[in-house]
Amino acid sequence: MSRWTRTSDLGGAPTERATERWDYRHGERALSCDVEVTIGKPFDVLSLKGASLDSVRDYAAFLRATAARLYGAGAPMREQKTCPICGDAATAEDAVRIFGQSYARCAACGHGFVRHQPTPEALDAVFSDSEAHSAVYVDHKSIEARLAQIIAPKAEWLLGHYRRRHDRDPASALDVGAGGGHFVAGLRRRGIAAAGYERSRSSRGFAAEAFGIDLRQSSFLDDAPEPTDLVTMWGLLEYVPEPRRFLEKARRCLMPESGLLVVEVPRLDCFGTAIQRETPETVARHMDPTSHMNAFTDASLATALVETGFRPIAVWYFGMDFYEFLVQAALRLGNDGVLSQLADLIPPMQASVDHGRQCDDLVMAALPA
């Protein structure tokens, strides 16, 4: 069984930057990593999401109907018998149930995954052709807000870590699961030769129209892309039944002496999951069994990276948990004004959640080992 331990400063006021020692043991194998920790990300969520709950209601209803179709009687299914990260078979059911579907928790690495899943073909068909699933990435009105509030901070974070290790910016980059092409566009604005893969037809169309970027429709796993300095996967691994295959492929794509991988995933153990555990029929993000087959822990993502040939060097914790709390409270109370009236509480409350590491988002950077 694999095991991670973390050594960090116990006392003092919360800080946005720290360095920790992460130690990994798996049988006779031992590894120690110095990991740079970043806490929190300023984000005006209402500038992108808005204060109206109509779209949340509509999208939650769409996801509920999609779940009924994907998991209904006669739908093609597959059973995930072992943890897709560490291979352990000793799992506990019902870490959380959303739309009647259970996420199991691995007893070894804590990873959460949907035990009885639609087939990869069924998932790909729904996601590739669904404009609703990609709607958040193809909103023309929010292009500049998304570039400024989401893309720019992520680009600067990863470029800072890249420069500290390689004394330069990456010359080339590959974004896998590129959505509407925003991150590819953000890197190109910084002079980096970036390309991307995206399965969603509407997202590829948006990228071409909004940014003049032709995202690759072909399978990243089946392609033979050119060697690159940087591979990013922003919100990809939760979608795929076999996340380690994508990490293994990324390892083969990266330049051995100048490569960096950056991965963003949803966290299973967070305030947002606790909220959605109590409101499982009105979920519109995060724990969504119509597309998110995986929910990670710090240990499960670090294990996946180490076991596919990487060494974690940096981690970033932030999220939208308090926004999620207000949304679900407003829906339960039938009072749309809750969100706008309490919006000023989102930044300080989310900062507290982030510092307590109960946030719903995790970004990890890793070097080829």
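Above: the structure in question.
Here the structure is a predicted model, which means the values were calculated and not measured.

Caption draft 1: Quick peek at the nonpolar core. Within the largest apolar cluster, 49 residues are counted, with the highest numbers of intra-cluster contacts made by Phe220, Val231, Met233, Leu237, Phe246, Leu261 and Leu301. With sequence-adjacent residues up to four places away left out, Met233 is seen in contact with Asp175, Val176, Phe220, Phe246, Leu247, Ala250, Val262, Val263 and Glu264. Ranked by size, the runner-up nonpolar core spans 34 residues in total, among them Ala185, Leu187, Ala194 and Ile213.

Caption draft 2: Here's a closer look at the sheet that holds strand β10 (residues 193–197). Ordered by their spatial adjacency, nine strands build an open sheet running β1-β2-β3-β14-β15-β12-β11-β9-β10, and the pairing between neighbours is mixed. The sheet is open, and its two borders are formed by β1 (2–7) and β10, each paired with just one other strand. Going from strand to strand, the sheet's axes swing by 20° on average, the running direction of each strand aside. As defined by bridge partners, strand β14 (residues 310–318) adjoins strand β15 (residues 361–368) across eight bridges and the pair is classed as antiparallel. Across the sheet, Pro312 pairs through a bridge with Ala366, a residue of β15. Together, β9 (172–176), β10 and β11 (230–234) form the strand contacts of helix α5 (residues 182–189), whose direction differs from that of β10 by roughly 175°. Sheet strands in contact with helix α7 (residues 243–253) are β9, β11, β12 (260–266), β14 and β15, and its direction is about 160° off that of β11.

Caption draft 3: Representation of the packing of helix α10 (residues 321–333) against helix α12 (residues 346–355). As a packed pair, α10 and α12 sit with axes 8 Å apart at the nearest point and diverge in direction by 120°. It follows that α10 is oblique to α12 by the angle criterion. Facing α10, whose interface residues are Asp321, Phe322, Tyr323 and Leu326, α12 presents Ile346, Met349, Gln350 and Val353.

Caption draft 4: Representation of α5 in the model. Within α5, six of the eight residues are buried, leaving the element largely enclosed by the surrounding structure. Considered for burial, the residues of α5 that qualify are His182, Phe183, Val184, Ala185, Gly186 and Leu187. Buried positions along α5 lie against α4 (143–166), β9, β10, α6 (201–211) and β11. Downstream of α5 by one or two residues, Gly191 has phi in the positive range, about 85°.

What counts and what doesn't
- Residues numbered from 1 in each chain as written.
- Predicted model: local features only at pLDDT ≥ 70, side-chain atom pairs only at ≥ 80, totals over all residues.
- Heavy atoms only, no water.
- Core = buried A, V, L, I, M, F, W, Y, C linked by side-chain atoms within 4.5 Å.
- Buried < 20%, exposed > 50% of the residue type's maximum accessible area, 1.4 Å probe, protein only.
- Contact = heavy atoms within 4.5 Å.
- Pairing = 2+ DSSP bridges.
- Helix = DSSP H or I, 4+ residues; strand = E, 2+ residues; numbered from the N terminus.
- Axes fitted to C-alpha atoms, helices over the stretch in contact; angles between N-to-C directions.
- Parallel < 35°, antiparallel > 145°, perpendicular 65-115°, else oblique.

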